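Structure assessment
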Amino acid sequence: MTTSFLARWLPQPNNGSRREQLRACAGAICGLLLTGLICHFLLAPDSASVYLIAPMGASAVLLFCLPASPLAQPWSVVGGNVVSGLVGMACVKWLGSSVGVAALAACLAIGAMFALRCLHPPGGAVALTTVVGGASVHAAGFEFVFITVLFNSAVLVACAVLYNNLTGRRYPHIQQLVAPHPHATRDDVPSNRLGFSPDDLDAVLRQHSEVLDISRDDLQAIFLQTEMRAYQRRFGVVTCADIMSKDVLSVEFGTPLDVAWRTMREHQVGALPVLNRARRVIGIITQTDFLRHGGLDDYQGMRQRLRGLLQRSGLSHSDKPEVVGQLMTPSPHTARLGTPIIDLVPLMADAGYHHIPILDDEERLAGIISQSDLMAALYESRFAEAAA
C-alpha cells in the first residue's frame, strides 16, 4: 500500500530521447533569445519598459518541447495569451489589484480560452502578470496587452515555426484530414472494417470528456501502430525482403512509351519502376498513367486513342508524350528490405497504392511488392497460425 501510494507522487519515465531533449532545449534558448532581442529593439530600445514577459518562458516549453500539443498551436499561443491579458487588464481597471482579483482574472481567462478554443496554460500566468505586474504594467493599460503580450507571442511563434520545421518537427501541427476513399465510395477504407474506426475513437473521446494534451490524429496513429505491433508479436515479423519479387522488370526515363506498354502487356504486370543509370528509383509508370494521359476515361474509341498515344511522332520536339519519363509518377512511395509488411497494409488498403518498389541499403532497386504479394503473405501467416 505504501509503495503504491508513493509511486503516484514519483516522476514517470520520460519517453523523449536524449536527442529530442537537446533539440527542445536548443529551441527554447534560440526562441527566447531572438524574441527578447527583437522585442527589446522594437519596444524598448532606450527605456526600461517591459519588453519580455515571464509567461513566454512557459510558452517556450510548449512550443519547443511539445510542438504537436493542441495547447501549443499558433492560435492557442497568440489567442490564449492575448485573451488572458485582456481579461486580466479589465479586472485591474474595474476591481483594482489584489490577490483575490488575480485569482478571479486567472479563472475568467481560463473560461475565455475554453470559449474561444485557444486554451494555453501560460495564459493563466499572463492574466496574473497583468494584475500583479506592478505600476509599469498598470500604467501601460491595454497597450501592454496589444503591444507587449501580442508581439512577444507572435515573435515566439514565428521562431517556433522556423526552428521546429528545420529540425524535423511538423509545426503548426494541424489536424490531419481524413484521407478520401481511393475509390470514392461510401464504404470505409479496408483497414477500418476490422478493429477500431475513427467513429469509435470519437465516441470514446466524447465519453472521456477531459482535455487531452494530444491531437486526435496523433492519438489515432498511436493506436494503429499499437495494433500493428501487437499483430507482429502474435504472427511474427515478415519483412519486404521475404515476399518481394526480385526479378523486377524496369524501364528508364527515356524508354519509348510503346516499349513500356508492350513490356507490361507481355509480362502481365501493372507497373514498371523507372530507374536511372545507378538503378535508383526515380519514378513509377502504371497502366493507369497510360489511360489517364491517353484521355481514355471515355471508353469510346479507346483503341484508337491508345494507338495514337503509343505511336512515335518521329519529331525531335512534340507536345505529345514520347517517353516513359513524361508519363511516370515521380518520387514514388518506396520501402526497405527490412520493412515489416504490416507497415504496407495502410498504404495498399487505404491509400490506393498497388505496387511499392523495395530498396536496398544503397537506395537501389532490390524488388517490388504488389497487392497480390501482400495478400498472399498475410494469408499464409494467418493460415500458419491457425494450423499450429
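What you see is a predicted model, and the numbers here were worked out from it, not measured in a lab.

Bringing the overall build of the protein into the picture now. Tallying secondary structure elements over the protein gives 16 helices and seven strands in all. Here the protein holds 388 residues, and 37% of them are scored as buried.

So, about the UniProt feature "transmembrane region" (unreviewed entry) in the protein. Here, UniProt's "transmembrane region" (unreviewed entry) annotation points to residues 21-43, 101-119 and 140-163. The span residues 101-119 is 79% helical and 0% strand by assignment, and the distance between its end C-alpha atoms comes to 21 Å. Taken as a whole, residues 140-163 contains 96% helix and 0% strand, while its terminal C-alpha atoms sit 32 Å from one another.

Glancing now at the side chain of Thr-130. With respect to the helices and strands, Thr-130 occurs in helix 6 (residues 122-132). Sequence-distant contacts of Thr-130, that is, excluding residues within four places in its chain, are made with Gly-85, Gly-88, Met-89, Val-92, Val-137, His-138 and Phe-144.

With that settled, the discussion passes to the nonpolar core. Among the nonpolar cores identified, the biggest contains 20 residues, and Ile-53, Leu-63, Phe-64, Phe-144, Val-149, Leu-156 and Val-157 are the most heavily contacted of them. Only helix 3 (55-65), helix 4 (74-95) and helix 8 (142-166) provide two or more residues apiece to this core. What Phe-144 contacts, discounting residues up to four positions off in sequence, is Val-50, Ile-53, Met-89, Thr-129, Thr-130, Val-137 and Val-149. Judged by nonpolar contacts, the second largest core, of 13 residues, contains Ile-341, Ile-358, Ile-369 and Leu-374.

All right, on to the sheet that holds strand 1 (residues 251-252) then. Taking strand neighbours across the sheet as the criterion, the four strands line up as 1-2-3-4 in an open arrangement whose pairing is mixed. The sheet terminates laterally at strand 1 and strand 4 (329-330), the two strands that pair on one side only. Pairing of strand 3 (residues 281-286) with strand 4, which is carried by two bridges, proceeds in the antiparallel orientation. Following the sheet pairing, Gly-283 is matched in strand 4 by Pro-330. With respect to the sheet, helix 12 (residues 257-267) is in contact with strand 1, strand 2 (271-275) and strand 3, its orientation differing from that of strand 2 by roughly 135 degrees.

With that out of the way, let us pick up the side chain of Ser-153. In this fold, Ser-153 is placed in helix 8. A polar contact is formed between the side chain of Ser-153 and the backbone oxygen of Val-149, at a distance of 2.9 Å.

At a closest axis distance of 8 Å, the pairing of helix 5 (residues 99-115) and helix 6 adopts a crossing angle of 145 degrees. As helix 5 runs across helix 6, the sense of the crossing is right-handed. For the pair helix 5 and helix 6, contact is made by Val-101, Ala-102, Ala-103, Ala-105, Ala-106, Ala-109 and Met-113 and by Gly-123, Gly-124, Ala-127, Leu-128, Val-131 and Val-132, respectively. For the contact of helix 5 with helix 6, the class distribution of residues is 11 nonpolar, two polar and no charged.

About the criteria used
- Residues numbered from 1 in each chain as written.
- Predicted model: local features only at pLDDT ≥ 70, side-chain atom pairs only at ≥ 80, totals over all residues.
- Heavy atoms only, no water.
- Helix = DSSP H or I, 4+ residues; strand = E, 2+ residues; numbered from the N terminus.
- Buried < 20%, exposed > 50% of the residue type's maximum accessible area, 1.4 Å probe, protein only.
- UniProt positions renumbered as here; feature names shortened; annotations may be inferred.
- Contact = heavy atoms within 4.5 Å.
- Core = buried A, V, L, I, M, F, W, Y, C linked by side-chain atoms within 4.5 Å.
- Pairing = 2+ DSSP bridges.
- Axes fitted to C-alpha atoms, helices over the stretch in contact; angles between N-to-C directions.
- Polar contact = N/O pair within 3.5 Å; in protein donor to acceptor, adjacent residues only side chain to side chain.
- Left-handed = near helix turned anticlockwise from the far one by under 90°.
- Nonpolar A, V, L, I, M, F, W, Y, C, P; charged D, E, K, R; others polar.

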